[in-house]
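Structural overview for review
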Amino acid sequence: MDYDALLKQFGGSIAEQPQQQNAAPWSADLSRKDQAEIKMKMYQEGRKRLADLQSQVAEAGSTMADLEQFGALNRRSSTGSWWQQLTPDKPMFRSDDSQRMNAITAQLTPNQRPTGAGATSDKDIALYLQGLPSTDNEGPVNQGIREDYARRYKAALEKANAMQAHLDQYGHLSDFDSRWAQRNAAPANVRSQADAILKGK
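Residues numbered from 1 in each chain as written. Predicted model: local features only at pLDDT ≥ 70, side-chain atom pairs only at ≥ 80, totals over all residues. Heavy atoms only, no water.

**A word on the pattern of salt bridges**
Two side chains of opposite charge can pair, provided their charged atoms sit close to one another. Per the counting criterion, the structure on display carries seven salt bridges. We note a salt bridge from Asp177 to Arg49, for which the minimum N-O separation is 2.6 Å. Remark: Arg49 occurs in helix H2 (residues 32-76) and Asp177 occurs in helix H7 (residues 176-185); sequence separation between them is 128 residues. The exposure class assigned to Asp177 is partly exposed, which follows from its relative accessible area of 41%. Between Arg76 and Asp97 there is a salt bridge, with its nearest N and O atoms 2.8 Å apart. (Salt bridge = Lys/Arg side-chain N within 4 Å of Asp/Glu carboxyl O. Helix = DSSP H or I, 4+ residues; strand = E, 2+ residues; numbered from the N terminus. Buried < 20%, exposed > 50% of the residue type's maximum accessible area, 1.4 Å probe, protein only.)

Here's what the structure looks like:
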């Protein structure tokens, strides 16, 4: 997956790559063979973690595309009227756009459930639906839901990009979380300057 292309599409920037680090202290007293075995294990663990994140990002990308389609339909056909709220299960009273928006919401509902959630109660489903756009909501509410998801999607893309860069450079992710937290804690202008340096500007 081309994460840089996705970041450009959603207004992101190439995430900051970590600075060069020295050899790990634990490697000093180990044979070259033991060092190689440990490094390979750390790399494999990092690859698995990265693959899991990439899988989540890919699924989120599909959801984002559905949300954008919902938004296009919603801009063309208003939602949230009292009539729509009174007739949620009456397709004959709905426009084609409204029915397509309902279909998108229904399609996205399973994707909002946490992995391993198992059987889901009606109350749980209602909570999941609150995080999805709906024809019961007025347009601005649906827009806010899409924009919130887009922000979270962009953050996931940036993290996947940074994790890939870190693993490629160091062969492990043992200190990735602390570096990522430091990067996110930095002021926005500092991060922008670092990203510009990485791009050669």
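**With respect to the packing of H2 against helix H6 (residues 139-170)**
For any two helices packed against each other, one specifies the inter-axial angle together with the distance between the axes. It is at 9 Å that the axes of H2 and H6 come closest, and there the two elements cross at 155°. On the basis of their axis angle, the class for H2 and H6 is roughly antiparallel. Handedness of the crossing formed by H2 with H6: left-handed. The class makeup of the residues in the contact of H2 with H6 is 16 nonpolar, nine polar and five charged. (Axes fitted to C-alpha atoms, helices over the stretch in contact; angles between N-to-C directions. Parallel < 35°, antiparallel > 145°, perpendicular 65-115°, else oblique. Left-handed = near helix turned anticlockwise from the far one by under 90°. Nonpolar A, V, L, I, M, F, W, Y, C, P; charged D, E, K, R; others polar.)

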